[in-house]
Amino acid sequence: MHPILNIAVKAARRASTIINRASLDLDKVEVRAKQPNDFVTEIDHAAEAAIIEVISEAYPEHAILAEETGDTGGESEFQWIIDPLDGTTNFIHGFPQYAISIALAERGIVQHGVIYDPNRNELFTASKGRGAYLNDRRIRVGKRTKLFDSLIATGFPFKEMAHIDAYLGMFQELAGKTAGLRRPGSAALDLAWLAAGRTDGFFEIGLKAWDMAAGTLLVTEAGGLASDFGGEGDYLATGNLVAGSPKIFTQLLQIVQSHRSEALMA
């Protein structure tokens, strides 16, 4: 494993200790709403602090973009992109579908990614050009070629309600043209599971870079494709993402594009 991945894994496991301990007594976890339907807990902050501490000890000169503390670290060409607890709403309900996501970008290109699922003790890792792994076993995207046979994951645009009509159009058409749609509630895990072949495609509106930086690297290193709704590679900036195994990606993108509103033309 690459030395940078080792640091990311160490950081993820440190955060998972905090998350797992808190999950045993959720009634004591303090929760506040950042905005409607968007929650943060003291555990998000504590886990993020633990991740940043591990990374800063190893790479003090690197910049950091983290969900709760924002963009720090100045002008370094290296930037860590961190979501300490992707799926906070699931976590506070005791719904065991959440994960830690850590990625490192060099000059804007994601080079390393780790997603750790503390409930299942599943560690997903990838380095650019070196493949994607689940607990040290090589993973690949699924082999299905027909959308009708495929399981597609998604996330509701709960922060982007202006796009709900476009989204519902996508959802409605895909509901009739796939084997099923799933909305587990953690984009990071959705992408990790796509990389592992557990689903065949994914789409969502209004994501943040920390939701998908590690996950999209996993997907592409597992042989899949990812783009924004325009079919370009600028999804970390636009926040709109389509991903899938190669044959399914093409069919999924075509349907998503047919329903996107003017606000989603990026």
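Residues numbered from 1 in each chain as written. Predicted model: local features only at pLDDT ≥ 70, side-chain atom pairs only at ≥ 80, totals over all residues. Heavy atoms only, no water.

## Some words on the pattern of salt bridges
Okay, step 1: Scanning all chains against the criterion turns up six salt bridges.
Okay, step 2: Ionic pairing is found between Asp-25 and Lys-28, a salt bridge with its closest N-O pair at 3.5 Å.
Okay, step 3: For Asp-25, a relative accessible area of 34% gives the class partly exposed.
Okay, step 4: Among the salt bridges present, the one from Glu-122 reaches Arg-198, with a minimum N-O distance of 2.8 Å. Within this pair, whereas Glu-122 is found in strand S8 (residues 122–127), its partner Arg-198 is found in the loop between helix H5 (187–195) and strand S13 (201–204), the two being separated by 76 residues in sequence. (Salt bridge = Lys/Arg side-chain N within 4 Å of Asp/Glu carboxyl O. Buried < 20%, exposed > 50% of the residue type's maximum accessible area, 1.4 Å probe, protein only. Helix = DSSP H or I, 4+ residues; strand = E, 2+ residues; numbered from the N terminus.)

## Description of the nonpolar core
Okay, step 1: Counting residues in each nonpolar core, the largest one holds 37 residues, and the members touching the most others are Ile-81, Ile-115, Phe-124, Leu-191, Phe-202, Leu-218 and Leu-241.
Okay, step 2: Those elements that place two or more of their residues in this core are strand S6 (99–106), strand S7 (109–117), S8, strand S9 (132–134), H5, helix H6 (209–221) and strand S15 (241–244).
Okay, step 3: Within the second largest apolar cluster, 31 residues are counted, among which are Val-9, Ile-64, Ala-66 and Trp-80. (Core = buried A, V, L, I, M, F, W, Y, C linked by side-chain atoms within 4.5 Å.)

## Quick notes on the sheet that holds strand S10 (residues 137–139)
Okay, step 1: A sheet is described by the order of its strands in space; here eight strands give the open sequence S4-S3-S5-S6-S7-S8-S9-S10, paired in mixed fashion. Where the open sheet ends on each side, the last strands, each with one partner, are strand S4 (70–72) and S10. Direction aside, neighbouring strands of the sheet carry axes that sit 20° apart on average.
Okay, step 2: Of the pairings in the sheet, the one linking S8 to S9 comprises three bridges and is antiparallel in character. (Pairing = 2+ DSSP bridges. Axes fitted to C-alpha atoms, helices over the stretch in contact; angles between N-to-C directions.)

## Quick word on unusual backbone geometry
Okay, step 1: The backbone of Arg-107 shows a phi angle near 50°, a positive value even though the residue is not glycine.
Okay, step 2: In this structure, Arg-107 sits in the loop between S6 and S7.
Okay, step 3: Located in the positive-phi region is Asn-135, a residue other than glycine, with phi close to 50°.
Okay, step 4: Structurally, the position occupied by Asn-135 is in the loop between S9 and S10.

## Things to note about the packing of aromatic side chains
Okay, step 1: Summed over all chains, the structure comprises six aromatic pairs.
Okay, step 2: Here Phe-156 and Tyr-167 contribute two aromatic rings whose centre-to-centre distance is 6.0 Å and whose plane-to-plane angle is 85°, an arrangement assigned as edge-to-face. On the criterion of sequence distance, the pair formed by Phe-156 in the loop between strand S11 (151–155) and helix H4 (164–177) and Tyr-167 in helix H4 is long-range, its members being 11 residues apart.
Okay, step 3: Take Phe-156: its relative accessible area is 38%, and that puts it in the partly exposed class. (Phe/Tyr/Trp six-rings, centres within 6.5 Å; stacked < 30°, edge-to-face > 60°.)

## Observations concerning the pairing of S13
Okay, step 1: Burial along S13 is two-sided: the residues Gly-201 and Phe-203 and Phe-202 and Glu-204 are all buried.
Okay, step 2: With four bridges joining them, S13 and S15 adopt antiparallel strand pairing. Across the sheet, Phe-202 pairs through a bridge with Ala-243, a residue of S15.

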